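What follows is the residue order along each chain.
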Amino acid sequence: MQSPSVSHRLQAVAARALLSLPDSLQRVLAGGRPVERDGYTLDPQVQHMLAMQRRMRRPHFHHLSVERARREMEINTWLLAPLTPALEAVRDEMFPGPAGKIAARIYRPRGLAAPAPATVYFHGGGFVVGGLDSHDPVCRILAHEARCVVIAVDYRLAPEHRFPAAADDALAAFRHVVAEAGALGIDVRRIAVAGDSAGGNLSAVVSLDTRGDTVRPAFQLLIYPAVDLTMSFPSIRSLGEGFFLEQATMEWFMNHYLRGAEDGRDPRASPWFADVSGAPAAAVFTAGFDPLRDEGEAYARKLGAAGVPVAYTCHRGMFHGHISASGGLSNARPALSEMTAALRRALT
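Please read all numbers here as calculations on a predicted model, not as lab measurements.

Right, let's get into helix α12 (residues 332-347). For α12, built from 16 residues, the straight-helix expectation of 22 Å at 1.5 Å per residue is met to within 8% by its first-to-last C-alpha distance of 23 Å. Taken as a whole, α12 has its buried residues at Ala332, Ala335, Leu336, Met339, Thr340, Ala342, Leu343 and Leu347. Down the axis of α12, the smallest arc covering the buried residues is 150 degrees, so these residues share one side.

Here you go:
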């Protein structure tokens, strides 16, 4: 990851200072009135943050080239990234994949005895942007608070590698971790999968694809997952503009990732269309002002209806991507800790 420019550093300092003001002032600076949609009320800090982004004219990905969008993703996640704890070790490795090596980053918290529980983490970014650096703070927190080894996977991105490349890499990485559990110092019986957005999609796909394996994920943590790439749920439209993740951006992602419209109904692209019976236990987290809210909630219900143990939580005032901005949003940080706590309980 490139070092932030002086301008971006100043923006980060100013944003954090403004977001530390009382809620009443946050509302005034954001326009004065609470924002409501579908019975949810936007968190005052989030409302102010979105207003600041508009004032700073932060571009949406769909207005950019792929290369520029990837740089913008790094900037967005750096601006309000949470503070990270000290860990025992962080190292990069290369795993074998179906089309070459897959980069991975392994996080081990202090004082964790082997064999340890582990989580294979897949980052978000619409299958087009994001990587090991963009989600490094989240993975450090996950390792520290959930008391597990975290293995972050840098799967292939589109448009250079379209569906099913990301799904194939995710599955290969999980199976490699299982095969090398002894060398990695992890307990093969306690390996979870987790991810946000596109990474939630890949976690769900791996959870389904491994149902015939000897070792399957012990748990799946799905953070505002994209499970229906046909974009058919109502919140795509009701929240598709003005709340960070835009419908036009999602369409831009899908145009890069999918080979054609028919891929959108493939269960390895859209787990919503899969038979989910026999999937591992899950915790699904959504956000009230996320266009993906409805499909995440529906997927949790589908898991439950199939007899899968599942816990569902909607952080009502939050937006898509809030865990990566939890360094500046006071209500986003406890939300992230709820997720890590769910993972820790599942792996204990």
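It is worth spelling out the sheet that holds strand β8 (residues 220-223) at this point. Spatially, 8 strands are ordered β3-β4-β6-β5-β7-β8-β9-β10 in an open sheet, and the strand pairing comes out mixed. Each edge of the sheet is formed by a strand with only one pairing partner; in this case those strands are β3 (89-97) and β10 (310-319). Sheet twist, expressed as the mean angle between neighbouring strand axes with direction ignored, is 20 degrees. Direction of pairing for strand β9 (residues 282-289) relative to β10: parallel, over a ladder of 7 bridges. Across the sheet, the residue bridging to Ala282 is Val310, located in β10. Contacts from α12 reach β5 (116-122), β7 (186-196), β8, β9 and β10 within the one sheet, and its direction differs from that of β10 by about 170 degrees.

With that settled, the discussion passes to the packing of helix α2 (residues 23-30) against helix α3 (residues 44-56). With their axes 8 Å apart at the nearest point, α2 and α3 run at an angle of 35 degrees to one another. α2 and α3 meet at a crossing whose hand is left-handed. Only Pro44, Gln45, Gln47, His48, Ala51 and Arg55 of α3 make contact with α2, whose side of the interface consists of Asp23, Gln26, Arg27, Leu29 and Ala30. The residue inventory of the contact of α2 with α3, partitioned by class, reads 4 nonpolar, 4 polar and 3 charged.

So, on to the packing of helix α5 (residues 136-146) against α12. Put simply, α5 and α12 touch, their axes get as near as 9 Å, and they point 55 degrees apart. With respect to their mutual orientation, α5 and α12 come out oblique. As α5 runs across α12, the sense of the crossing is right-handed. On α12, the residues that touch Ile141, Leu142, Glu145 and Ala146 of α5 are Arg333, Leu336, Ser337, Thr340, Leu343 and Arg344.

Scoring rules and cut-offs
Residues numbered from 1 in each chain as written. Predicted model: local features only at pLDDT ≥ 70, side-chain atom pairs only at ≥ 80, totals over all residues. Heavy atoms only, no water. Helix = DSSP H or I, 4+ residues; strand = E, 2+ residues; numbered from the N terminus. Expected span 1.5 Å × (residues − 1). Buried < 20%, exposed > 50% of the residue type's maximum accessible area, 1.4 Å probe, protein only. Arc of directions from axis to C-beta. Pairing = 2+ DSSP bridges. Axes fitted to C-alpha atoms, helices over the stretch in contact; angles between N-to-C directions. Contact = heavy atoms within 4.5 Å. Left-handed = near helix turned anticlockwise from the far one by under 90°. Nonpolar A, V, L, I, M, F, W, Y, C, P; charged D, E, K, R; others polar. Parallel < 35°, antiparallel > 145°, perpendicular 65-115°, else oblique.

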